[in-house]
Structure formats: C-alpha cells, structure tokens
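Results of the structural survey
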Amino acid sequence: MSSAAAKPILYGYFRSSCSWRVRIALALKGIAYDQVPVNLLKDGGQQLSAEFKAVNPMQQVPALKIDGITLSQSLAIIHYLEDTRPNPRLLPQDPKKRAQVRMISDHIASGIQPLQNMSILKQMGERKTEWAQKCIVSGFQALEQVLQQTAGRYCVGDEVSMADLCLVPQVANAERFNVDLGPYPTITRINKALLELEAFKVSHPSRQPDTPAELRA
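Position labels on residues start from 1 in each chain and follow its written sequence. Whole-chain, interface and lining totals are the exception, using all residues; otherwise, since this is a predicted model, local features are given only for residues with pLDDT of at least 70 and side-chain atom pairs are given and counted only at 80 or more. For side-chain calculations, the full set of non-hydrogen atoms in the structure is used, while hydrogens and water are omitted.

1. What about the overall build of the chain?
Helix and strand assignments follow DSSP, with helices taken as H or I runs no shorter than four residues and strands as E runs no shorter than two, numbered in order from the N terminus. Helix and strand counts for the chain stand at 9 helices and 4 strands. Traced from its N-terminal end to its C-terminal end, the chain shows the element sequence β-α-β-α-β-β-α-α-α-α-α-α-α. Values of the radius of gyration come from C-alpha atoms, whereas the globule rule sets the reference at 2.2 Å times the count of residues to the power 0.38. Its C-alpha radius of gyration of 17 Å places the chain within 12% of the 17 Å reference for a compact globule of 217 residues. A principal-axis box enclosing the C-alpha atoms of the chain has dimensions of 50 × 45 × 30 Å. For every residue, the accessible area obtained with a 1.4 Å probe (protein chains only) is divided by the maximum for its type, and the residue is called buried under 20%, exposed over 50%, and partly exposed between those limits. Across the 217 residues that make up the chain, the buried fraction comes to 43%. Of all intrachain contacts in the chain linking residues separated by at least 6 positions in sequence, the fraction that spans at least 24 positions is 65%. As displayed, the chain has an accessible area near 10900 Å², and 51% of this comes from carbon and sulfur atoms. Only four residue types enter the tally: Lys and Arg on the positive side, Asp and Glu on the negative side, with His and both chain ends excluded. Charge placement uses NZ in Lys and CZ in Arg. For Asp and Glu, CG and CD serve respectively. Side-chain charges in the chain split into 25 positive and 20 negative, and the spacing between the mean points of these groups amounts to 2 Å. In this description, contact between two residues means that some pair of their heavy atoms is separated by no more than 4.5 Å. Here the open area of atoms and residues is found with the Shrake-Rupley method and a 1.4 Å probe, where only the protein chains shown may cover a residue.

Structural data, given as structure tokens:
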C-alpha cells in the first residue's frame, strides 16, 4: 500500500483539546484512522521523546500522518481535511459566515486554550487553577457576546462548523477547572446540542484507547 493510500495515523492524547478537535473532524467526515497515544504526563511527557520529536519537532499533539505527509497544529489539520475531503463542510461557503467560523475558532485556539495549556500551568505552580479560571472567564465573556450575534443551533448558524469543534473541548476545560458557566447561556446551549451528535460522542475523551479506566464512559 502506498503512503498516500495508507490509513491516517493520529498521534494524540485523550484529554488534549487540540487532539479532540481533530478527532471530531475525522469522525464527522467519516475518515477511518489509527491512533498512537502520546501520554503527556507519563515518563516526564512522551511528547518530549526523541521518537515523537521526529514526528512533530514542536513536541505537541496532535500530529496526523495522512496522504504521505505529516501535519501538526489542529486547525491546519482541519483545513487540510476540508480541502481534500470537503463533505460534510466544516467551513461555510458564504464568505461572511466562513470568516465568522475562522474568527471564533481562532478566538478559542489562540486566545483561550494556549493560556491554560498544560505547559503554561506547570509554570504557575499552586496558582494554576486560579490562572486557568481567569483565562477562560476572560475569553468566555467575549465569546458569549460574539456567539449571541452569530449562533443559530450551533456557533455559526445551524450547521456544524470548525468553530464548534473548538468550542466543545474548551467548555470541557472550563468544567475541569470549575468555571461557573452560568453567565454563558449561549455557550452552554450550543455545547449541549453538540454533545448529542454521534461524532462528538465517539470523539469524547472518555471513549479513547488511552482513556484511563476510572475516566471511561
């Protein structure tokens, strides 16, 4: 089998927000793939191994081997899947809606998640929960306002988009850090609707090959 025809391989971690985004995209597009778990905690962080550095020099998950190339960065991976396997669409055809999807995706993927990522929290020591809460609350206050203008059933209108793939993992992070979601009814409503969809269920951290037994659904 040629490398381009081989089944894609996703290197990820069950709880990684960025890995989760890509798992949802693969599920929505019906792409069968194999998983190679990279435990971000075990052995001092398996992402820091020489073996994984050869896969992704940034030593972060996810990485996806597909069509004979290796891609990292979750949104870049999703864009590639969209370009090569466009059905169902995760980016609307309408230029304004497409821009809104990208805006919301970047708001989360650049403006919230990296600030409360594991590598940052390690530097915060005992203040890590307080720091994570502060970053998420600040981002969600803005995001709630934006979604009140763009949302239908989902983040932008009534079709699932890349923005939704970013939203669900970030809400899970908020819950993990005990952020009060009461002030964000739009975020909460959309998240609940998305979690009812099969692609979001099978991609959930509680249902992955590397999910610890005590966290399995």
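2. A look at the pairing of strand β4 (residues 69–72)
The pairing criterion is simple: DSSP has to find at least two bridges between the two strands. Sheet topology note: the strand β3 (residues 63–66)/β4 ladder contains 4 bridges and is antiparallel. Bridged to L64 within β4 is L71. From the end of β3 to the start of β4, which pair antiparallel, there are 2 residues, and D67 there has a positive phi angle of about 55°.

3. Focus: the sheet that holds strand β2 (residues 34–37)
Here 4 strands make up an open sheet; going across it, the order is β2-β1-β3-β4 and the pairing mixed. Strands with a single pairing partner mark the edges of an open sheet, and in this sheet they are β2 and β4. Direction aside, neighbouring strands of the sheet carry axes that sit 20° apart on average. Note: strand β1 (residues 9–12) against β2, 4 bridges, orientation parallel. In the strand pairing of β2, L10 is matched with Q35. Between the N-to-C directions of two axes lies an angle of 0 to 180 degrees, each axis being a line fitted to C-alpha atoms and, for a helix, fitted only over the stretch in contact.

4. Let's talk about the pattern of salt bridges
In the sections that follow, a salt bridge refers to a side-chain nitrogen of Lys or Arg positioned within 4 Å of a carboxyl oxygen of Asp or Glu. Applying the stated rule across the entire model yields 4 salt bridges. Here R85 and D67 are joined by a salt bridge, their closest N and O atoms 2.8 Å apart. With R85 in the loop between α3 (74–84) and α4 (95–111) and D67 in the loop between β3 and β4, this residue pair connects regions lying 18 residues apart in the sequence. The class of R85 is partly exposed, set by a relative accessible area of 24%. Accessibility expressed as a relative area gives 25% for D67, which makes it partly exposed.

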